Amino acid sequence: MFAQGIARHVYLPGVVVLLAVGVLLGPDVADVIRPQLLGPALSSIVGFAVAVILFEGGLNLEIRVLRWQARAIRRLVLIGGLITAGGATVASRLLLGWDWRLCALFGTLVIVTGPTVITPLVRRIRLKQPIATILEAEGVFIDAIGATIAVVALQVAIAPSGEAIGAAVLGIGARLGTGALVGALGGLALALLLRRPNIVPRGLENILALSMAMTLYQLSDALVSESGITAAITAGMVLGNGRSHALREIAAFKEQLTVLLIATLFVLLAADVRIADVLALGLPGALTVLALMFAVRPLTVFLCTAGTDLRLRDKLFLSWLAPRGIVAAAVSSLFALELTHAGIAGGVELKALVFLVIAMTVTLQGLSGGPVASLLGVRRATNSGYLLLGANPIACHLARQLSANGEEVTLLDANADECRAAEAAGFQVLPGNAFDADTLARARPDSRLACVGLTSNEGINLEFARRIAEESRGPATYVAIEADAVGVTADAVLAQHAHVLFGGASGLQAWFARWRRDGVETAWHRRTAAEANAVVVAGTPRPDILPLVIRRGERIDLVDLATTARGEDLVEFAIDVDHRGEALAWLVSSGWTRVELDASPSP
């Protein structure tokens, strides 16, 4: 944990420091950590840790979000895994001169990338969508596929025959199918238990989820060997996409535990590799890793993303970032033992080469990931874009107008129906609870220009602004409040250093109802010269008029209490069609003139 803390202070990927610490404290240097003394317990520790890490990885994958890039993710995991295995096999054969059997095992071992290194890097670099989603999903899913293929390949390598090859093909399906079934059933049972707060005593939810993850991993492995990884991932996904009052606490607990387990595993497995074995690979070993990075990975990405809507810069960055993680290290240790027991030479060299792949990819790609992302323009800019709490019709209208600035607008909502409707209308939607730590992290409020609380519940809107201010300290916050003196007041909003949306308190419930029954029309207005440089709405807005946004030149901004309209500024008003005549008369009397624009911004 000291290594993790040091890495964050000096802005290095944590895994880079952990690998260095493992080598320095291992038998070749300080001889403080001696993994070989653990004997068979080492594989048990690794299995326990992998189960928890991958369960947490699955917990963070939202199916609705994955659908946006399902085609690219599916290809990278299925087709990309085979391309990677074939490319790595050929590269090691040409550069190292190993026999085909050992090269094929190496190829299957480096299929995986893994959430242990990908997820921290993605969050530290602050990547834009859809690259962040693709990398995180690929890292989780390909661990199950890659580890399964690798173990089956080992069985064929130890006892090669036509019958063994046929059984291996069936074995891949059996392992993945068993793991998926066990994980789905166990995850569903856990989700149902946690959905009813009176069944599981309060305070036991985290431990129940942890023990269930371990149990499903071991149970699946007992039914069909090496199927536990798939079971852990599937169980995490099922639970993460279910509705549970304890999900936020479980996710936070698993995230903290995962940090500890990742640190432990990388130190242990780095200490378990001899420096002399790695150095013995020499230049051919380093060239093999470089071929994997600069030839095999780009070929994989460009073939698998052909025909998708990804830009060239997105594909280039996906080609660069593919560090290997803990599953590759753990499985290579298993391979070394099994090959030695079978009397087959090369297990030590294979383990050393996989460690070299991990060390080089993590170090080179981890250190350069940020600069490369900035160079390609795939890094999220700070102080840009908007996050709106709510996918309701009013939020969608504001998102449509604000997107005219050329900035990303994301709608965050827990209502599945409104999320689907907003997605169908072309908006970027993040389904989930705004007060869930993982959901809010995916919304990236820290990089936003502004975050807006725009639900029909003013208390939730204010709490959202308070949470953003506490955890992000960057974006401006806006709160929509009701025209009700006994509820949240403008003074309460200002006390949170937030802005009052729409220029003051408004009848939120009434406006939501009008918008849903198409009882609203919108129009742009400009102040007359005599009324210029005045606030948009002085005092409490009329119940039949709602100022939405202000257009200054080519830029569109939100309206708050202090917003003034001057010169050629335009303000868009929502007008209650049932009181259209009275509303328009008031606007004219207040110095507003209607202006017709050629076109409105589109999503």
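Just above, that's the structure.
**Q** With reference to specific residues and values, describe the overall build of the protein.
**A** Looking only at helices and strands, the protein has 24 helices and 13 strands in total. The C-alpha atoms of the protein give 28 Å as radius of gyration, which agrees with the globular expectation for 603 residues (25 Å, within 12%). Its C-alpha atoms put the protein at 95 × 50 × 45 Å along the principal axes. Scored against the burial criterion, the 603 residues of the protein give a buried share of 55%. Within the protein, counting contacts between residues at least 6 apart in sequence, those at least 24 apart form 76% of the total. Entry remark: accessible area of the protein is about 24,900 Å², with carbon and sulfur atoms responsible for 61%. Placing the 49 positive and 51 negative side-chain charges of the protein at their respective mean positions leaves the two points 3 Å apart.

**Q** Could you give an account of helix H11 (residues 228-240), naming the residues involved and the relevant values?
**A** The end-to-end C-alpha distance of H11 is 18 Å, a good match for the 18 Å that 13 residues give at a rise of 1.5 Å each. Three or more residues of H11 are buried, namely Gly228, Ile229, Thr230, Ala231, Ala232, Ile233, Thr234, Ala235, Gly236, Met237, Leu239 and Gly240.

**Q** Any details on the packing of helix H1 (residues 2-9) against helix H2 (residues 14-25)? Residues and values, ideally.
**A** Put simply, H1 and H2 touch, their axes get as near as 8 Å, and they point 135° apart. Our classification of the angle between H1 and H2 gives oblique. At the point where H1 passes H2, the crossing takes the right-handed sense. Residue-level inspection shows Ala3, Gln4 and Ala7 of H1 in contact with H2, the latter providing Gly14, Val17, Leu18 and Val21.

**Q** Break down the environment of Leu95 for me, with residues and values.
**A** Tracing the chain through its elements places Leu95 in helix H5 (residues 70-96). Expressed as a C-alpha distance, the spacing of Leu95 and Ser403, which sit 308 residues apart in the sequence, is 51 Å. In contact with Leu95, not counting residues within four places along its chain, are Pro284, Leu287, Thr288 and Ala291.

**Q** So what about the packing of H5 against helix H6 (residues 100-109)? Which residues, and what values?
**A** As a packed pair, H5 and H6 sit with axes 7 Å apart at the nearest point and diverge in direction by 140°. Between H5 and H6, the interaxial angle falls into the category oblique. Taken as a pair, H5 and H6 cross one another with a handedness that is right-handed. Judged by residue contacts, Thr84, Ala85, Ala88, Thr89, Ser92 and Arg93 of H5 engage Trp100, Cys103, Ala104, Phe106, Gly107 and Thr108 from H6. Across the contact of H5 with H6, the residue classes break down as six nonpolar, five polar and one charged.

**Q** Talk me through the side chain of Arg444; I want residue IDs and the actual numbers.
**A** If you trace the backbone, Arg444 turns up in the loop between helix H20 (437-443) and strand S4 (450-453). For Arg444, a relative accessible area of 5% translates into the label buried. In contact with Arg444, other than residues within four places in its own chain, are Leu127, Gln129, Arg380 and Glu408.

**Q** Describe a nonpolar patch on the surface, and please don't skip the residues or the numbers.
**A** Together, Leu24, Leu25, Val29, Val32, Ile275 and Leu279 make up an exposed nonpolar region whose accessible area comes to about 530 Å². Elements with a contribution of two residues or more to the nonpolar patch: H2 and helix H13 (275-280). Its location among the elements puts Val32 in the loop between H2 and helix H3 (41-59).

**Q** Explain H2 to me, using residue names and the numbers behind them.
**A** With 12 residues, H2 extends 16 Å from end C-alpha to end C-alpha; this agrees with the ideal 16 Å at 1.5 Å per step. Among the residues making up H2, those that are buried are Gly14, Val15, Val16, Val17, Leu18, Leu19 and Gly22.

**Q** Now, about the pattern of salt bridges: what can you tell me, with residues and values included?
**A** Inspection of the entire model under this criterion finds 19 salt bridges. Among the salt bridges present, the one from Glu407 reaches Arg555, with a minimum N-O distance of 3.3 Å. Placement of the pair is Glu407 in the loop between helix H18 (393-402) and strand S2 (409-413) and Arg555 in strand S10 (residues 555-558), with a sequence separation of 148 residues. Linking Glu470 and Arg466 is a salt bridge whose minimum nitrogen-to-oxygen distance equals 2.4 Å. Remark: Arg466 and Glu470 occur in helix H21 (residues 458-471); sequence separation between them is four residues, near one turn of the helix. Residue Arg466 is classed as partly exposed on the basis of its relative accessible area, which comes to 25%. Overlapping salt bridges, with partners in common, bring together Glu521, Arg580, Arg594 and Glu596 in one network.

Conventions and cut-offs
- Residues numbered from 1 in each chain as written.
- Predicted model: local features only at pLDDT ≥ 70, side-chain atom pairs only at ≥ 80, totals over all residues.
- Heavy atoms only, no water.
- Helix = DSSP H or I, 4+ residues; strand = E, 2+ residues; numbered from the N terminus.
- Rg over C-alpha atoms; globule rule 2.2 N^0.38 Å.
- Buried < 20%, exposed > 50% of the residue type's maximum accessible area, 1.4 Å probe, protein only.
- Contact = heavy atoms within 4.5 Å.
- Areas by Shrake-Rupley, 256 points an atom, 1.4 Å probe, with all protein chains shown as cover.
- Lys, Arg positive; Asp, Glu negative; His and termini not counted.
- Charge placed at Lys NZ, Arg CZ, Asp CG, Glu CD.
- Expected span 1.5 Å × (residues − 1).
- Axes fitted to C-alpha atoms, helices over the stretch in contact; angles between N-to-C directions.
- Parallel < 35°, antiparallel > 145°, perpendicular 65-115°, else oblique.
- Left-handed = near helix turned anticlockwise from the far one by under 90°.
- Nonpolar A, V, L, I, M, F, W, Y, C, P; charged D, E, K, R; others polar.
- Patch = residues over 30% accessible without salt bridge, like charges linked within 9 Å, V, L, I, M, F, W, Y side chains within 5 Å.
- Salt bridge = Lys/Arg side-chain N within 4 Å of Asp/Glu carboxyl O.

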